[in-house]
Structure formats: structure tokens, C-alpha cells
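The chain contents come next:
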Amino acid sequence: MELHQLRYFVAVVEEGGFTRAAARLHLAQPGVSAQIRQLERELGQPLLDRSGRRVTVTEVGEAVLGYARTALAAVDGIRHTVDEFTGLLRGRVALGLVSGAALDAFEVPALLADFHDAHPQVEISLTEDSSERMLAALHGGELDLAVIGLAQEEPPPGISLRLVVDQPLVAAVAPGDPLLTPPDRTGVPLAELRGRPLISLPRGTGLRGVLERACAQAGIRPRIAFEAAAPAVLAQLAARGLGVAVIPALPPAAAAEYGLRTLPLTDPRPRGRVALAWRTAGPATPAARALLDRLRTALPVPPAAADGGPSRDHQGLGA
């Protein structure tokens, strides 16, 4: 049997059919089918059941599948080992990015472009999703790295973090809002937002989790009137007087550009935090480890960490 036959077989099983497997392999469907039939003839048993609308694995095929995957993984491991000795990186890295525009402090596309220039044989996939789903994908191995919003103070079990954004949350309102009275006030106790229409990021984001936890501490139930994935949209909704946007602190010039006034939230003082996250055991491939090293070096350090505050890196608590 040939290694490529095992690769075709695994692809057909995972894709549930020859057409999608051929597209994944960038091959013609008849060629994939012919190679698997040749493998079946050599083994003397059918590996796939082609009688239904979806191709399924036979009992023999199910038994063979694990060995096929192990063989392919071993070959990939050999290639990666040789590449490490020769200084050549190849393979694939899956990176997740928190939804919305909370990453204005750094340019992820530019960092990925620089990494690609240094390692052109590495394929990088980038997906945008909620922090909750990306954490699940990290644990499951679908993602190697992710930039996520943090809902809790401590890192999730089995996950290590490198903080890149750490800002207080503010109440952003249109001029003339009652929260701005008296004019010299310097903060808004969270309890004052009781019953007010709030504008927030959706559930599953780190910022929304921080807001809900802070409201619980203040003894109020947040009344979420509007949700949007981008903080800029939240600011625009607040500027039109549709509610109080809870967003990371804005520079005065940026708030003025949106037509907003902002006041820090107090009692408690919630913070919006964004971090680079990876499995504490480390990424599985040399390419992913190299990208992690590049991002940890290139991404900004929050002022608190740079000035001797909380540690830049936070280790998880075990799997």
C-alpha cells in the first residue's frame, strides 16, 4: 500500500464523500476513488460503504482508520523533525481572533504578514469568533493560538495567557445624559445603571462576561437593549442617545470624535482585558510554536505589566 492511498482514505472518511475529499486534496474525484479501490483490493476487504447518499466507513474500515491516521501522523512528525534540524518551518497554524474591533492597539495582519515572509512554507488560517468558542477550540485542538477577551481574573484551566490589552471599562453616553450630572463627577457606580438601557458586546465575549459579573457584584441585573460585535458600533449607538455603552476606556479625542462623554465605572471597577492564549502544554507543531514566540515578542504589553504590575504571562492550572 502507498502512503497517499491512506491519506485519500482518511480524507474521504472525514469529509463523508469523494467529491469533498477530492476538493480538499486538490485532486480529481476519479483518481481518489481509483486509488482507494486499489487499496481495498490489496487488503481484500471493502473499507467504505458507498450504498447510501453519504459514504460511510465499514467495520473493517473503522479498524483500519486509526492505523492510517497514526501512520500519517508519524510521517508528518518525521518531516517536522527534519525541518527543525534544517531550520525550515512548514505546516499549518490555526489562529483565532476575538470578534470586533477591540484590537486597535496592534496590527495582527501585519504581524502575520511578517511571519509569512520569514516562513513562506507555513500555511496560516485565521478565524474570527467569540471568546467562549475559541477557548473550546483551543482545548479541542482545532486552534493552536487565539486572541481572546477575558471574562475571569484567572486563566481557564489548561490555558496560558499573555495579556495584550488591560483597560478600565467606562460608561459612554451622549452629551446631556443624566449620568453626567453633576458636571464634575469622576465616575459612575455600577448600581446607577439599574434599569438603564445598556449597549454591550454579545454573550460569549470576554467584555460581556466582565459586565455581567460586575453587575452581579453590584446587585443589579443588566438591561441589555442593544448588542453589536464591534465596540465602534456600540459607541455610535450610544452617541445617538439609545443607551449607555459599556466599552473599554477611550482617549478623550476618540470619545469626542464619536460625540460621547465617558465616565469610569466604579463599585466595582471592571476592566476589559484581551490576551493571547494557548494550551499550557504548548502548541503541537514547530510552526505553531514559532508563531507563538513571534506574537509573544511583538504584541504590546499593557501599561500595568510594563510598569511592574501583573505578570505578562499567566500560566493555566492544568488540563
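Scroll up a little and you will see the structure.
For clarity, every value in this text was computed on a predicted model and none was experimentally measured. (Residues numbered from 1 in each chain as written. Predicted model: local features only at pLDDT ≥ 70, side-chain atom pairs only at ≥ 80, totals over all residues. Heavy atoms only, no water.)

J.: Before we move on, could you go through the overall build of the protein and cite the residues and values that matter?
T.: Assigned secondary structure in the protein consists of eleven helices and 13 strands. Its C-alpha atoms give the protein a radius of gyration of 25 Å, more than 25% over the compact-globule value 20 Å for 319 residues. Along the first, second and third principal axes, the C-alpha atoms of the protein reach 85 × 45 × 35 Å. Sorting the 319 residues of the protein into buried and exposed places 43% on the buried side. Within the protein, counting contacts between residues at least 6 apart in sequence, those at least 24 apart form 75% of the total. (Helix = DSSP H or I, 4+ residues; strand = E, 2+ residues; numbered from the N terminus. Rg over C-alpha atoms; globule rule 2.2 N^0.38 Å. Buried < 20%, exposed > 50% of the residue type's maximum accessible area, 1.4 Å probe, protein only. Contact = heavy atoms within 4.5 Å.)

J.: Explain the side chain of E40 residue by residue, including any values.
T.: With respect to the helices and strands, the residue E40 is situated in helix α3 (residues 29-43). For E40, a relative accessible area of 8% corresponds to the buried category. E40 has contacts with Q45, P46, L47, L48 and R50, leaving out every residue within four places of it along the chain.

J.: Lay out the pattern of salt bridges with the relevant residues and their values.
T.: Using the criterion set out here, one finds 13 salt bridges in the structure. Ionic pairing is found between D129 and R133, a salt bridge with its closest N-O pair at 2.6 Å. The class of D129 is partly exposed, set by a relative accessible area of 24%. You can call R133 exposed: its relative accessible area is 54%. Note that E212 is salt-bridged to R208, the shortest N-O span being 3.0 Å. Within this pair, E212 and its partner R208 are both found in helix α7 (residues 206-218), separated by four residues, close to a single helical turn. (Salt bridge = Lys/Arg side-chain N within 4 Å of Asp/Glu carboxyl O.)

J.: Would you mind going over the pairing of strand β11 (residues 261-266) in detail, with residue names and values included?
T.: Across four bridges, strand β6 (residues 159-173) lies against β11 in antiparallel orientation. Counterpart to V170 in the pairing with β11 is P264. Taken together, the two bridges between strand β7 (residues 188-189) and β11 define a ladder with parallel strand orientation. Residue pairing across strands places V188 opposite L265, the latter belonging to β11. (Pairing = 2+ DSSP bridges.)

J.: Just give me the short version of unusual backbone geometry, but keep the residues and values in it.
T.: The omega angle of the peptide bond from T181 to P182 is 0°, so this bond is cis rather than trans. Within the secondary structure, P182 is located in the loop between β6 and β7. Cis rather than trans, the peptide bond between D267 and P268 has omega equal to 0°. Along the polypeptide, P268 turns up in the loop between β11 and β12 (271-279). Of note in the backbone geometry, H26 takes a positive phi value of approximately 60° without being a glycine. Assessed through its relative accessible area of 72%, H26 is described here as exposed. Phi angles above zero are rare outside glycine, and D267 is one such case at about 55°. On the secondary structure map, D267 appears in the loop between β11 and β12.

J.: Can you tell me about the packing of helix α2 (residues 18-25) against α3, naming the residues and giving the values?
T.: Running from N to C, α2 and α3 point in directions that differ by 105°, and their axes come no closer than 8 Å. In terms of their interaxial angle, α2 and α3 are classed as roughly perpendicular. Contact with α2, carried on its side by F18, T19, A22 and L25, involves Q29, V32, S33 and I36 of α3 and no other residues of that element. Of the residues belonging to the contact of α2 with α3, the class tally is five nonpolar, three polar and no charged. (Axes fitted to C-alpha atoms, helices over the stretch in contact; angles between N-to-C directions. Parallel < 35°, antiparallel > 145°, perpendicular 65-115°, else oblique. Nonpolar A, V, L, I, M, F, W, Y, C, P; charged D, E, K, R; others polar.)

Spatial relationships are all this shows, so hold off on functional conclusions.
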